[in-house]
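Remarks on the overall topology
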Amino acid sequence: MADHPSYEEGGVKMVWDAERRAYFPELDESVYNSFQNQFVATTESVEKAEEWELQHTPDGKPYYFHKKSGRTQWTNPIKAPEPKEKPAKRKVREEEQHEFFQLKDEDNPNVYVSGLPEDFTEAEFETLMARCGIIAEDLDGNKKIKLYRTEDGTLKGDGRCCYLKVPSVALALQVLDGSSVRGRTIHVSRAVFEKKQVDATRLPNKAKKKKKPKATQAKLLSWNEGDNAKMAKLAMIVVIKGMFSPEEFDKDPLYINELKLDVQSECSKFGEVKKIMIFDRNPEGVVSVRFEDPDAATRCISVMNGRFFAGRKLEAFNWDGVTDYKVEETDEQREERIKKWESYIEQEEERKAAASAGAGA
């Protein structure tokens, strides 16, 4: 030991270990006990987690028993984790369940229509509403229109229409509100919606909103509805099919003038007529009438559609702004028509000459 004297380092006495040929801290009883206590505490903490058992006294009072050491204590040696408080679920106020909400006008493409005939069909409703714009479609390609019914399925005389473009709503308010359908005055207003009565605590996770395929929108927009002024103009033009047969003009070239006067006289009952066009070569017997205002056009359609004229059933509707009803003649057809016209003039002159001769005699 004389060759390897002890020394202190940091308050710890270092002694030479001849067997391991190195200096080591000298462990006195206090250091050893401190180390032993740390080890026991660590071991005991493991034992607590696995070997404590809940038991009861004969009178039912709970206590805890350590199976290895036989120790007992009243308090729970293993502290149970505190349960996490769940956030309070929001309760829906009763007044909220029946609350109406109004979309901003610039975001609302829906209109509500009332005063419809009780036997009005969805096809008729679609035709009526399409006068003011393109009707939106759902993801399955169905038109977003709805006629409301009672619980027994009877139509109530009102409905809703969703347009593809919001400007169509303003046009519907201008053109259709106060107009006549089968002799009944209908009313059109911006649609408002009622919140559904739901329990907010049972609301499902919000599903991702499906986006309408761009191809579908492009298809709907293949006819550009344009601005309100253009749509209002189309609402003033009525197309009537079945007014004549082209062969009638071949037999009597002056009949086109008579027909025009008849149409002018009849349609003036609905409002001021601005222009009449007769597509004399169209096999469907098409005549178009432009009125001064949309209400007159609506009244005309209501009366003329389904009416019989010269034994033919008429079909009346607004012009879609696209269809061209003019039928071009071939050169042969034109020559044939001129020959018939010349023949008609000759016959007319002969008739007049015969009538004059008879009067002179």
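Residues numbered from 1 in each chain as written. Predicted model: local features only at pLDDT ≥ 70, side-chain atom pairs only at ≥ 80, totals over all residues. Heavy atoms only, no water.

**As for the side chain of Glu 266**
Definition in use: Secondary structure elements are defined from DSSP: runs of H or I of at least 4 residues count as helices, runs of E of at least 2 residues count as strands, and each element is numbered from the N terminus. Per-residue accessibility, obtained with a 1.4 Å probe over protein chains only, is compared with the maximum for each type, and a residue is labelled buried under 20%, exposed over 50%, and partly exposed between these values. Contact definition: two residues touch when any of their heavy atoms are within 4.5 Å.
With respect to the helices and strands, Glu 266 occurs in helix α8 (residues 255-267). On the basis of relative accessible area, Glu 266 is assigned to the buried category, the value being 19%. When near neighbours in sequence (up to four residues on either side) are disregarded, Glu 266 contacts Met 304 and Arg 307.

**Focus on unusual backbone geometry**
Positive phi outside glycine occurs at Arg 182, with the angle close to 55°. Note that Arg 182 resides in the loop between β11 (180-181) and β12 (184-185). Take Arg 182: its relative accessible area is 39%, and that puts it in the partly exposed class. Residues other than glycine seldom take positive phi values, yet Ala 310 does so here, at roughly 55°.

**A short note on the environment of Asp 177**
Worth spelling out the cut-off: Pairs of N or O atoms are called polar contacts if they sit within 3.5 Å, as long as, within protein, a hydrogen donor faces a hydrogen acceptor (for residues adjacent in sequence, only side-chain-to-side-chain pairs).
With respect to the helices, strands and loops of the structure, Asp 177 is situated in the loop between α4 (167-175) and β11. Residue Asp 177 is classed as partly exposed on the basis of its relative accessible area of 34%. Between the alpha carbons of Asp 177 and Val 188 there is a distance of 4.6 Å; along the sequence they are eleven residues apart. Leave out the neighbours within four places in its chain, and Asp 177 touches Ala 172, Ile 186, His 187 and Val 188. There is a polar contact of 2.9 Å between the side chain of Asp 177 and the backbone nitrogen of Val 188.

**Some thoughts on the pairing of strand β5 (residues 62-66)**
Counted only if it meets this: In this scheme, strands are said to pair when DSSP sees at least two bridges between them.
Summarising the sheet, strand β4 (residues 52-56) and β5 pair through five bridges and their orientation is antiparallel. From the neighbouring strand, Leu 54 faces β5, where its bridge partner is Tyr 64. One ladder, built from two bridges, connects β5 with strand β6 (residues 72-73); its direction is antiparallel. Its bridge partner lying in β6, Tyr 64 is registered against Gln 73.

**Quick look at the pattern of salt bridges**
For clarity, the threshold we go by: A carboxyl oxygen of Asp or Glu within 4 Å of a side-chain nitrogen of Lys or Arg is what we treat as a salt bridge.
According to the stated counting rule, one finds twelve salt bridges in the structure shown. One salt bridge in this structure joins Glu 248 and Arg 312, with 3.3 Å as the shortest N-O distance. In this pair, Glu 248 is assigned in helix α7 (residues 246-251) and Arg 312 in strand β19 (residues 312-313), connecting sequence segments 64 residues apart. Among the residues examined, Arg 312 registers a relative accessible area of 24% and is labelled partly exposed. Beyond isolated ion pairs, a larger network of salt bridges with shared partners links Asp 119, Glu 124 and Arg 182.

**Quick look at the confidence of the model for the protein**
To be explicit about the condition: The quantity called pLDDT is the predictor's confidence in a given residue, expressed from 0 to 100.
With 71% of its residues at a pLDDT of 70 or more, the protein has an overall mean of 77. Contacts from residues 35-45, a stretch scored under 50 in pLDDT, to residues over four places away or in other chains number one contact. Across residues 222-226, where pLDDT falls below 50, the model places 14 contacts with residues more than four positions away in sequence or in other chains.

**Let's talk about helix α9 (residues 294-304)**
All of the buried residues along α9 are Pro 294, Ala 296, Ala 297, Thr 298, Cys 300, Ile 301 and Met 304. Phi turns positive, to about 90°, at Gly 306, one or two residues after α9.

**Here's the deal with a negative patch on the surface**
We count it as follows: Patch membership is restricted to residues that have no salt bridge and whose relative accessible area is over 30%. Joining uses 9 Å for like charges and 5 Å for the nonpolar side chains Val, Leu, Ile, Met, Phe, Trp and Tyr. Surface accessibility follows the Shrake-Rupley procedure with a 1.4 Å probe radius. Residue values consider only the protein chains on display as shielding. Charge assignment: positive for Lys and Arg, negative for Asp and Glu; neither His nor the chain ends contribute. All charge positions are set by atom: Lys at NZ, Arg at CZ, Asp at CG, Glu at CD.
Where like charges cluster on the molecular surface, the negative patch consists of Glu 342, Glu 346, Glu 349 and Glu 350. With respect to the element layout, Glu 349 can be found in helix α10 (residues 331-360). Taking the relative accessible area as the measure of exposure, Glu 349 reaches 52% and is therefore exposed.

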